[in-house]
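Structural overview for review
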Amino acid sequence: MHTLRKYYHPYISPFDPCPPIKVKGYETPPNLYMGFQPPSLPQFEPKKALAYGTLWPALYSPYPSPPVRKEVNE
Amino acid sequence: MWYYEKKLEYPVKVSTCNPTLAKYLIEQYGGADGELAAALRYLNQRYTIPDKVIGLLTDIGTEEFAHLEMIATMIYKLTKDATPEMMKQAGLDPHYVNHDSALFYHNAAGAPWTATYIQAKGDPIADLYEDIAAEEKARATYQWIINLSDDPDLNDGLKYLREREVVHSQRFREAVEILKEERDKKIFF
Ligand SMILES: [Fe+2]
């Protein structure tokens, strides 16, 4: 399973006017990795699928992505 | 900053006096999928894209300005010696009324360039997918202009530009692959 969020360390200048955000993140939803959806993937039970917007856990992309990891800043 | 080299990225030759071709080429000058839109799109998005792909957007955005120059040169060559009568025959009389033979950033139908042609969503995947789509649309526009043009020398330059769109699209797709990679993953648990 791929992570649904990636992190990077942006360049920080010694002359930045504001305290720097040292780690930034961006979303990489599951559809980025799937290509053609393989047949017979496991499915949510119908009520969950209705609530989530997809039948398949493999395509489920909760936002904010869990586990909610702090974008550490020290 | 930029250094300027006083030459074109690829030689531009136009061998037939057919100002109508300028009417088509202006689409790649000031149109939605044209070179101006491309250059401004990438050179603006690059500030908020992850560091690993900033350089790519800078390089491609810069090259788009080199393409803009080639298109401008083609249009200029086709219109600089056109009389008002020739402009009229080429369907360029509305352009002539407004601009004489000056170039201007509008599309083939005369609609002026607008920033609504480009986007900067701030989500790296969304921005790169827009860039890939933009390259494919620019490639298609070159195809349609080549289909309308019967000037082999002009088409030679257009085929070069079309090929560059193919390469740019590939590089943007690679940028997506780079951003998809699992990196630094463990540090943040
Ligand atoms: Fe391009």
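Being a predicted model, the structure only gives us computed values, none of them experimental. (Residues numbered from 1 in each chain as written. Chains lettered and ligands numbered in written order. Predicted model: local features only at pLDDT ≥ 70, side-chain atom pairs only at ≥ 80, totals over all residues. Heavy atoms only, no water.)

Within chain A, the regular secondary structure consists of 2 helices and 2 strands. Counting from the amino terminus, chain A carries its helices and strands in the arrangement β-β-α-α. Classification of the 74 residues of chain A by burial places 31% in the buried group. Taken as a whole, chain A presents about 5400 Å² of accessible surface, with 63% of it coming from carbon and sulfur. (Helix = DSSP H or I, 4+ residues; strand = E, 2+ residues; numbered from the N terminus. Buried < 20%, exposed > 50% of the residue type's maximum accessible area, 1.4 Å probe, protein only. Areas by Shrake-Rupley, 256 points an atom, 1.4 Å probe, with all protein chains shown as cover.)

Those places that UniProt annotates as "binding site: Ca(2+)" (unreviewed entry) correspond, in this numbering, to Asp59(B). Its location among the elements puts Asp59(B) in helix 3 (residues 54-79). (UniProt positions renumbered as here; feature names shortened; annotations may be inferred.)

Right, let's talk about the nonpolar core for a bit. The biggest cluster of nonpolar side chains holds 24 residues, and the ones touching the most others in it are Leu25(B), Tyr29(B), Ile71(B), Met74(B), Ile75(B), Leu158(B) and Leu161(B). Broken down by secondary-structure element, the contributors of at least two residues to this core are helix 1 (20-30), helix 3, helix 6 (124-148) and helix 7 (152-180) of chain B. For this core, the element with the highest residue contribution is helix 3 of chain B, accounting for 7 residues. Not counting residues up to four positions away in its chain, the partners in contact with Met74(B) are Val12(B), Val14(B), Leu25(B), Leu154(B), Gly157(B), Leu158(B) and Leu161(B). Counting 18 residues, the second largest nonpolar core, distinct from the first, contains Tyr26(A), Ile60(B), Leu128(B) and Ala175(B). (Core = buried A, V, L, I, M, F, W, Y, C linked by side-chain atoms within 4.5 Å. Contact = heavy atoms within 4.5 Å.)

Another point: the packing of aromatic side chains. Under the counting rule described, the total for this entry stands at 8 aromatic pairs over all chains. Measuring from ring centre to ring centre gives 4.7 Å for Tyr29(B) and Tyr105(B), while their planes differ by 15°; the resulting arrangement is stacked. Taken together, the residues span a long stretch of sequence, with Tyr29(B) in helix 1 and Tyr105(B) in the loop between helix 5 (93-99) and helix 6 at a distance of 76 residues. By the ring-pair criterion, three or more aromatic residues cluster together here, those being Phe44(A), Tyr52(A) and Tyr60(A). (Phe/Tyr/Trp six-rings, centres within 6.5 Å; stacked < 30°, edge-to-face > 60°.)

This part is about the UniProt feature "binding site: Mn(2+)" (unreviewed entry) in chain B. Residue and element names in this part refer to chain B. UniProt's feature table lists "binding site: Mn(2+)" (unreviewed entry) at Glu35, Glu64, His67, Glu135 and His168, given in the numbering used throughout. Across 134 residues, the annotated set stays spatially compact, with a maximum C-alpha separation of 12.8 Å. Tracing the chain through its elements places Glu35 in helix 2 (residues 35-45). Contact partners of Glu35, with chain neighbours within four places excluded, come to Gln28, Glu64, His67, Leu68, Ile71, Tyr142 and Glu165.

Residues and elements named next belong to chain A. By the alternation rule, side chains of strand 1 (residues 5-8) split into Arg5 and Tyr7 and Lys6 and Tyr8, which are all buried. By the bridge criterion, 4 bridges tie strand 1 to strand 2 (residues 24-27) in an arrangement that is antiparallel. Pairing of Arg5 across the sheet is with Glu27, part of strand 2. (Pairing = 2+ DSSP bridges.)

Residues and elements named next belong to chain B. Tallied over the full model, the rule gives 2 cavities of 30 Å³ or more. Here the largest cavity defines a volume of roughly 70 Å³. Lining the largest cavity are Ala22, Lys23, Ile26, Ile75, Thr79, Leu92, His95, Ser101, Ala102, Leu103 and His106. Residue assignment for the lining of the largest cavity shows that the elements contributing at least two residues are helix 1 and helix 3. (1 Å grid on protein atoms, 1.4 Å probe; cavity = no way out; pocket = protein on both sides within 12 Å on 5 of 7 lines; lining within 4 Å. Points joined across faces, edges and corners; volume = space filled by probe spheres on them.)

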